[in-house]
Amino acid sequence: MANQSFPGPRMQREAVTIRTMIGMYCRDHHDTQDALCAECAALSDYAMARLRRCPFQEGKTTCAGCPIHCYKPAMREQVRVVMRYAGPRMMFRHPTMAAWHLFDGRRKEPIKQPKRDAVKRDA
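I will try to describe carefully the structure that is included in this document. Not measured: the values here are computed from a predicted model.

Scoring rules and cut-offs
- Residues numbered from 1 in each chain as written.
- Predicted model: local features only at pLDDT ≥ 70, side-chain atom pairs only at ≥ 80, totals over all residues.
- Heavy atoms only, no water.
- Helix = DSSP H or I, 4+ residues; strand = E, 2+ residues; numbered from the N terminus.
- Buried < 20%, exposed > 50% of the residue type's maximum accessible area, 1.4 Å probe, protein only.
- Polar contact = N/O pair within 3.5 Å; in protein donor to acceptor, adjacent residues only side chain to side chain.
- Contact = heavy atoms within 4.5 Å.

### A few points about the side chain of Thr32
Then step 1. Mapping Thr32 onto the fold places it in the loop between helix H1 (9-30) and helix H2 (38-52).
Then step 2. Given a relative accessible area of 15%, Thr32 falls into the buried group.
Then step 3. Polar contacts involving the side chain of Thr32 include one to the main-chain carbonyl oxygen of Cys26, which spans 3.5 Å.
Then step 4. Looking at Thr32, its side chain comes within polar contact range of the main-chain oxygen of Ala35, at 3.3 Å.
Then step 5. Once residues within four sequence positions are removed from consideration, Thr32 is found in contact with Cys26, Arg27 and Cys37.

### Observations regarding the environment of Ala38
Then step 1. As for its placement among the helices and strands, Ala38 is situated in helix H2.
Then step 2. Residue Ala38 is classed as exposed on the basis of its relative accessible area of 66%.
Then step 3. In the structure, Ala38 is positioned 12 residues away from Cys26 in sequence and 9.9 Å away in space, judged by C-alpha atoms.

Just geometry here; none of it tells us what the structure is for.
As structure tokens, then:
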């Protein structure tokens, strides 16, 4: 279920984790089965767009520990609601994913990645 639009394993893992959490929330609150409702699909799309634009990429911590708040306030609150619900349940439904998320959250500060253009010029 890795997303090919994310170049590294850390970002792919983050994308799968947030999608899984949104899916759990949607199934349990909106009585959906395989697909997300329109509201949850919009939240998932928004979260993926924010991950793609994250300046830290592979050096990122979890969003809760990030110094940059890139979510709009309304979307940030929706994600908080989803995570408050799905977070504790992840340990039972997806323990490996939950463990990785906890491990990724241990990073105190995100590591800023060099700009792609700067890397190309130096090469």
